[in-house]
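Spelled out, the chains give:
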Amino acid sequence: GAVVSQHPSRVICKSGTSVKIECRSLDFQATTMFWYRQFPKQSLMLMATSNEGSKATYEQGVEKDKFLINHASLTLSTLTVTSAHPEDSSFYICSARDSFLVWESGDEQFFGPGTRLTVL
Amino acid sequence: SQQGEEDPQALSIQEGENATMNCSYKTSINNLQWYRQNSGRGLVHLILIRSNEREKHSGRLRVTLDTSKKSSSLLITASRAADTASYFCATSGTYKYIFGTGTRLKVLA
């Protein structure tokens, strides 16, 4: 089955530093990847859509200069939280969509295991 | 907000009982998916139902979809302690998914 990995799984950083989170599709090519944020006991909120070779599309209210997204290859998207602050502490989850295969199950997204960011 | 809503927000049942969770959404969809998330972990895909389907089964899971009411339900039969988790519906209208608010299910042994 399709596997998506995230690295790191957990990161603790000081306020003001930048943190990079990687999302990789391991056995398929993903022209489109998605980044979500989840606060404790809340649902997943879509932050942005990452398109290979082009600029990301950000959801309303998400600061593009704070959450930098780069999708330089068909298997890797990165999310950089710049000048992180305690309120950025959250669970960040990526997902990937294989656009080249027609899945019997439909337009399914494959989710990574998530990265827990704690900003001190 | 485009986010869907689920009810109940929390549900506590005894092992062996059935659990029903409901999801309502706001816009037209192509399909709807249900996911499970154990505490602090990633998402596990449970089942997908297309907009032209009304009911789907997978093991102990039964999902219904009523597009006229913009709602879906997830039924877990003969629940087990291992089913304790948060359950989310996610709707797709185009290429991106919008998640519901989630139901936290606790199954007591």
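Residues numbered from 1 in each chain as written. Chains lettered and ligands numbered in written order. Predicted model: local features only at pLDDT ≥ 70, side-chain atom pairs only at ≥ 80, totals over all residues. Heavy atoms only, no water.

K.L.:
Explanation requested: the environment of B:Leu75 in the structure shown.
P.N.:
Positionally, B:Leu75 belongs in strand 8 (residues 71–76). Ignoring any residue separated from it by four or fewer positions in sequence, one finds B:Leu75 in contact with B:Asn18, B:Ala19, B:Thr20, B:Arg60, B:Leu61 and B:Arg62. (Helix = DSSP H or I, 4+ residues; strand = E, 2+ residues; numbered from the N terminus. Contact = heavy atoms within 4.5 Å.)

K.L.:
Could you clarify how one ought to interpret the pattern of salt bridges in this entry?
P.N.:
Here the idea is simple: oppositely charged side chains can pair when their charged atoms come close. Residues and elements named next belong to chain B. One pass over the structure, following the stated rule, counts five salt bridges over all chains. The partner of Glu 55 in a salt bridge is Arg 62, and the shortest N-O contact between them spans 3.1 Å. For Glu 55, a relative accessible area of 40% puts it in the partly exposed group. Exposure remark for Arg 62: the relative accessible area of 31% places this residue in the partly exposed category. (Salt bridge = Lys/Arg side-chain N within 4 Å of Asp/Glu carboxyl O. Buried < 20%, exposed > 50% of the residue type's maximum accessible area, 1.4 Å probe, protein only.)

K.L.:
What exactly am I supposed to notice about the interface of chain A and chain B here?
P.N.:
How big an interface is tends to be stated in terms of accessible area lost as the parts join. Contacts between the two partners involve 25 residues from chain A and, on the opposite side, 22 residues from chain B. For the pair chain A and chain B, the summed buried area comes to about 1,700 Å², and 52% of that belongs to carbon and sulfur atoms. Taken together, the connections running from chain A to chain B amount to two residue pairs in polar contact (both at pLDDT 80 or more). Taken together, the elements giving at least two residues each to the side of chain A that touches chain B come down to strand 4 (32–38), strand 5 (44–51) and strand 9 (90–97) of chain A. (Buried area = accessible area lost by both parts, 1.4 Å probe. Polar contact = N/O pair within 3.5 Å; in protein donor to acceptor, adjacent residues only side chain to side chain.)

K.L.:
Looking at this model, I keep getting lost on the packing of aromatic side chains. Mind explaining?
P.N.:
Each aromatic ring pair is described using two quantities: the centre-to-centre distance and the angle formed by the ring planes. By the definition in use, this model includes seven aromatic pairs over all chains. Between the aromatic rings of A:Phe67 and A:Tyr92, the centroid separation amounts to 6.4 Å while the plane-to-plane angle is 45°, which identifies the pairing as tilted. You can see A:Phe67 sitting in strand 7 (residues 67–73) and its partner A:Tyr92 sitting in strand 9, a full 25 residues away along the chain. Residues A:Phe111 and B:Tyr35 carry aromatic rings whose centres are separated by 5.1 Å and whose planes lie at 80° to one another, so their mutual orientation is edge-to-face. With A:Phe111 in strand 10 (residues 110–111) and B:Tyr35 in strand 4 (residues 31–37), the pair connects residues from two separate chains. (Phe/Tyr/Trp six-rings, centres within 6.5 Å; stacked < 30°, edge-to-face > 60°.)

K.L.:
I would appreciate a short explanation of the side chain of A:Gln38 in the present structure.
P.N.:
Relative to the helices and strands, A:Gln38 resides in strand 4. Among the residues examined, A:Gln38 registers a relative accessible area of 7% and is labelled buried. Those residues in contact with A:Gln38 that lie beyond four places of it in its chain are A:Ser43, A:Leu44, A:Ser90, A:Phe91, A:Ile93, B:Gln37 and B:Phe88.

K.L.:
Please explain the pairing of strand 4 of chain B as it appears in this structure.
P.N.:
Regular strands have side chains that alternate between both faces of the sheet. Residue and element names in this part refer to chain B. By the criterion of burial, strand 4 is predominantly enclosed, with six of the seven residues buried. In terms of strand pairing, strand 4 meets strand 5 (residues 43–50) through seven bridges, oriented antiparallel. Following the sheet pairing, Leu 32 is matched in strand 5 by Ile 49. Where strand 4 folds back on strand 5, the antiparallel hairpin that results is connected by five residues, among which Gly 40 adopts a positive phi of roughly 70°. Pairing of strand 4 with strand 9 (residues 85–92) involves seven bridges; the strand directions are antiparallel. If you follow Asn 31 over to strand 9, its bridge partner there is Ser 92. (Pairing = 2+ DSSP bridges.)

K.L.:
Is there a simple way to explain the state of the cysteines in this structure?
P.N.:
Applying the stated criterion across every chain, the model contains two disulfides over all chains. Between the sulfur atoms of A:Cys23 and its disulfide mate A:Cys94 the distance is 2.0 Å. Torsion about the S-S bond of the A:Cys23 and A:Cys94 cystine: about 80°, corresponding to right-handed handedness. With a gap of 71 residues between them, A:Cys23 in strand 3 (residues 19–25) and A:Cys94 in strand 9 connect regions that are remote in the sequence. Here the two residues A:Cys23 and A:Cys94 agree in accessibility, since each one is buried. The partner cysteine of B:Cys23 in its disulfide is B:Cys89, sulfur to sulfur 2.0 Å. Residues B:Cys23 and B:Cys89 share a disulfide whose torsion about the S-S bond is about 70°; that sign makes it right-handed. Placement of the pair is B:Cys23 in strand 3 (residues 19–24) and B:Cys89 in strand 9, with a sequence separation of 66 residues. The pair B:Cys23 / B:Cys89 is uniform in exposure class, with both members buried. Free cysteine A:Cys13: the closest other cysteine sulfur is in A:Cys94, separated by 18 Å. Note on A:Cys13: relative accessible area 10%, which makes it buried. (Disulfide = S-S within 2.5 Å.)

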